[in-house]
Amino acid sequence: MKTLNIVLLGAPGVGKGTYAEILSKKYKIPHVSTGQMFRDAIKERSELGKKVESFITKGDLVPDDITIDVIKERLKEEDCKKGFLLDGFPRTIPQAEALEKMRKISKVLNFVASEENIIERLSGRRTCKKCGAIFHVKNIPPKVEGICDECGGELYQREDETPEAIKVRMKEYNRKTKPLVDFYKKRGLLVNIDANYPFEEIEKIVSQCEMALKK
Ligand code: AMP
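All values derive from a computational prediction rather than experimental measurement.

Now for the sheet that holds strand S8 (residues 190–194). Strand order in the open sheet made by the five strands is S2-S3-S1-S4-S8, with parallel pairing throughout. Each having just a single partner strand, strand S2 (31–33) and S8 make up the two edges of the open sheet. For this sheet, the mean angle separating the axes of adjacent strands, direction not counted, is 25 degrees. Pairing of strand S1 (residues 4–9) with strand S4 (residues 107–112), which is carried by four bridges, proceeds in the parallel orientation.

Set out below in structure tokens:
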């Protein structure tokens, strides 16, 4: 099977993590989320965790040099040899330039949804403290309230999903990450995915991704 080195782009809350999980199972390639790696590091109270905590809590981006080092190490691991789904990286032009030097990208899926949908998805989102699985109070409710279906861990609302932090994250996205749409368009790698479907119709979003990855 061909190598699939995929970048998932899109505003915070558009559902990249959920689509990445589904695609990761379908294509048997790892879901690599820098946000999750940082949250794990904070939980473990590692050196990396201490360095990044204040940026993440406020909704600011972590500096490029730290983020690029983290991805460089992760992509060297055995499970990334056949491909990967990058969720949340790159988020700036310097990160995208660094990534080009590490691996050849096969395709960039750019998830597009209205601001109204995005805010509704973000504010209802709940994340598992133990395994990072994502739920939504209305759209993807867990079987037992507050408990993860996958591992039984406790669900919580991320600190950066308060209305203030969401505002900062959207501003950061518009200023620093949106220019990546043009960056990848120029390289002929970008495919727009319409993500304006309710969760019950998630297959419509996933099938657009599959079509894009076939080409
Ligand atoms: P996410 O889970 O992708 O929404 O990421 C959560 C937070 O982690 C972001 O709001 C940033 O503070 C930080 N973060 C994740 N990925 C990156 C990245 N590529 N560059 C800078 N900061 C990042």
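This part is about the packing of aromatic side chains. By the definition in use, this model includes two aromatic pairs. For the pair Tyr-19 and Phe-111, a centre-to-centre distance of 4.7 Å together with 25 degrees between the ring planes defines the contact as stacked. Here Tyr-19, found in helix H1 (residues 16–27), pairs with Phe-111, found in strand S4; they are 92 residues apart in sequence, far enough to count as distant. With a centroid separation of 5.0 Å and an interplanar angle of 85 degrees, the aromatic rings of Phe-183 and Tyr-184 are classed as edge-to-face. Taken as a pair, Phe-183 and Tyr-184 share a single burial class, namely buried.

A full pass over the atoms with the stated rule returns 18 salt bridges. Put simply, Lys-76 and Glu-73 hold a salt bridge, and the shortest N to O gap is 3.1 Å. Glu-161 is the salt-bridge partner of Arg-158, the closest N and O atoms lying 3.5 Å from each other. Each member of the pair, Arg-158 as well as Glu-161, is classed as buried. A single salt-bridge network, built from bridges that share partners, covers Arg-125, Arg-158, Asp-160, Glu-161 and Arg-169.

This part takes up the pairing of strand S3 (residues 83–87). The buried fraction of S3 amounts to five of the five residues, a majority that puts the element mostly inside the structure. On S3, burial covers both faces: Gly-83, Leu-85 and Asp-87 on one face and Phe-84 and Leu-86 on the other are all buried. Two strands pair when backbone bridges link them, and S1 and S3 are joined in this way by five bridges, in the parallel orientation. Paired with Val-7 across the bridge in S3 is Leu-86. Pairing analysis gives three bridges linking S2 to S3, with the strands arranged parallel. When the sheet's bridge partners are listed, Val-32 is paired in S3 with Leu-86.

Reading the values: the criteria
- Residues numbered from 1 in each chain as written.
- Predicted model: local features only at pLDDT ≥ 70, side-chain atom pairs only at ≥ 80, totals over all residues.
- Heavy atoms only, no water.
- Pairing = 2+ DSSP bridges.
- Helix = DSSP H or I, 4+ residues; strand = E, 2+ residues; numbered from the N terminus.
- Axes fitted to C-alpha atoms, helices over the stretch in contact; angles between N-to-C directions.
- Phe/Tyr/Trp six-rings, centres within 6.5 Å; stacked < 30°, edge-to-face > 60°.
- Buried < 20%, exposed > 50% of the residue type's maximum accessible area, 1.4 Å probe, protein only.
- Salt bridge = Lys/Arg side-chain N within 4 Å of Asp/Glu carboxyl O.

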